[in-house]
Amino acid sequence: MKAKMKIKMGIDFLMTVLLFLLMSYQIIGQKLHEWFGTGMLVLFLLHNILNIRWYGSLFKGKYTLLRAMQTLINISVLISMLCLGFSGIVLSRHIFAGLPIQGPMATARTMHLAASYWGFVLMSIHLGFHWSMVLGLFRRLCNRKKTSATFVWLMRFIAIFIAGYGAYCFHKQNIVSYMFLKQEFVFFDFEQSAVFVFAEYTAMMGLWVFISFYAVKGIRKITSQSRRKE
């Protein structure tokens, strides 16, 4: 594996870890939230710099349904991260508090709330679009050239269970109301243990990874069949 690819994967892994920590505000608190948010923004900028060629290819080539979906998700992630960066700096009480930065606090708080949950869902979908690559890496690390049918079905059952639990958590925490600003304040359960908080967000991420991964597989299968008919 090339050094650049290893760096990319390392950055993506760190961003995933930070995403869980940032969503677990009731566990880490305000100060760590700001530090982790700053780290996430820096890593996101590095991620985009390392993938700068993607922006140069936006107006080249033919757009299939899958490419259009991936482009829409990537641009949406970029917008949500820029909104989070701006609103986070305006709302900062620690890291950027000493800077001469002023802004509409109420607007920044609302923007940060919506962008946080949209960013979580969109980044999870983005991960799902590349999940086949993650599975390929896992097979190489485990030195598995061929996977048994029993193991495949076991993994599918586990994935369905995680996605189902994720859907339950997504509904229980009323995430949609935050995404569409039906509620402008998040109600955290400060008595919930860190294990359960991370488990719930892992399951919710798993839900969107599951949906997007199988959506990609379905689109590719339909596209392949239509090409054969032609």
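Residues numbered from 1 in each chain as written. Predicted model: local features only at pLDDT ≥ 70, side-chain atom pairs only at ≥ 80, totals over all residues. Heavy atoms only, no water.

Enquirer: How would you summarise the overall build of the protein if you had to cite specific residues and measurements?
Expert: Counting its secondary structure elements, the protein contains nine helices and zero strands. Written out in order from the N terminus, the α and β elements of the protein read α-α-α-α-α-α-α-α-α. Buried positions account for 32% of the 230 residues belonging to the protein. Restricting to contacts in the protein with at least 6 residues of sequence separation, those with at least 24 account for 78%. About 14,800 Å² of surface is accessible on the protein, with carbon and sulfur atoms providing 69% of the total. When the 25 positive and 7 negative side-chain charges of the protein are each reduced to one mean point, those points stand 21 Å apart. (Helix = DSSP H or I, 4+ residues; strand = E, 2+ residues; numbered from the N terminus. Buried < 20%, exposed > 50% of the residue type's maximum accessible area, 1.4 Å probe, protein only. Contact = heavy atoms within 4.5 Å. Areas by Shrake-Rupley, 256 points an atom, 1.4 Å probe, with all protein chains shown as cover. Lys, Arg positive; Asp, Glu negative; His and termini not counted. Charge placed at Lys NZ, Arg CZ, Asp CG, Glu CD.)

Enquirer: Give me the lowdown on the confidence of the model for the protein, citing residues and values where you can.
Expert: In the predicted model, the protein carries a mean pLDDT of 90, and the fraction of residues at 70 or more is 96%. When mean pLDDT is taken per element in the protein, helix α8 (residues 175-179) scores highest with 95 and helix α6 (residues 131-141) scores lowest with 79. (pLDDT = per-residue confidence, 0-100.)

Enquirer: Explain the pattern of salt bridges residue by residue, including any values.
Expert: Under the counting rule described, the total for this entry stands at one salt bridge. Between glutamate 200 and lysine 172 there is a salt bridge, and its shortest N-O distance comes to 2.6 Å. Within this pair, whereas glutamate 200 is found in helix α9 (residues 194-229), its partner lysine 172 is found in helix α7 (residues 149-172), the two being separated by 28 residues in sequence. Residue class for lysine 172 comes out partly exposed when judged on its relative accessible area of 42%. (Salt bridge = Lys/Arg side-chain N within 4 Å of Asp/Glu carboxyl O.)

Enquirer: Which residues make up the nonpolar core, and what values do they have?
Expert: Counting residues in hydrophobic clusters, the biggest one holds 40 residues, and the most contacted among them are Met40, Tyr117, Phe120 and Tyr201. Secondary-structure elements contributing two or more residues to this core are α1 (3-23), α2 (25-50), α4 (65-91), α5 (105-129), α7, α8 and α9. In terms of residues, this core owes the most to one element, α5, which gives nine residues. With residues up to four places along the chain from it excluded, the contact list for tyrosine 201 reads Phe20, Met23, Ser24, Tyr117, Phe120 and Gln173. (Core = buried A, V, L, I, M, F, W, Y, C linked by side-chain atoms within 4.5 Å.)

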